[in-house]
Amino acid sequence: MTIILLDIDFFKHFNDTQGHTEGDTCLRIAAQKIQDTVNRPYDLIVRYGVEEFI
């Protein structure tokens, strides 16, 4: 088993300056890009915290 913790740098600043709606959109795009990268059917992408993914 391997676990990778991914944190989006400077997300708090982006969220504070662009607004929470844009921040949510950013997180959705990031999650989709991560999901598109994994290629095994049993790989799982999970949001962990505000701007972290596992």
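This structure is a prediction, so every number in the text was calculated from the model and none was measured. (Residues numbered from 1 in each chain as written. Predicted model: local features only at pLDDT ≥ 70, side-chain atom pairs only at ≥ 80, totals over all residues. Heavy atoms only, no water.)

**Let's talk about the UniProt feature "domain: GGDEF" (unreviewed entry) in the chain**
Now for step 1: Mapped onto the present numbering, the UniProt feature "domain: GGDEF" (unreviewed entry) falls on residues 1-54.
Now for step 2: Between the C-alpha atoms that bound residues 1-54 the distance is 13 Å, and the span itself is 48% helix and 7% strand. (UniProt positions renumbered as here; feature names shortened; annotations may be inferred. Helix = DSSP H or I, 4+ residues; strand = E, 2+ residues; numbered from the N terminus.)

**Details of the pattern of salt bridges**
Now for step 1: Per the stated rule, a full pass over the model turns up two salt bridges.
Now for step 2: Between Asp16 and Lys12 there is a salt bridge, with its nearest N and O atoms 2.9 Å apart. Taken together, the positions of Asp16 and Lys12, both in helix α1 (residues 11-18) and four residues apart, correspond to about one turn of that helix.
Now for step 3: Judged by relative accessible area, which is 58%, Lys12 ranks as exposed.
Now for step 4: Two residues, Arg40 and Asp43, come together in a salt bridge whose shortest N-O distance is 3.0 Å.
Now for step 5: Residue Arg40 is classed as partly exposed on the basis of its relative accessible area of 45%. (Salt bridge = Lys/Arg side-chain N within 4 Å of Asp/Glu carboxyl O. Buried < 20%, exposed > 50% of the residue type's maximum accessible area, 1.4 Å probe, protein only.)

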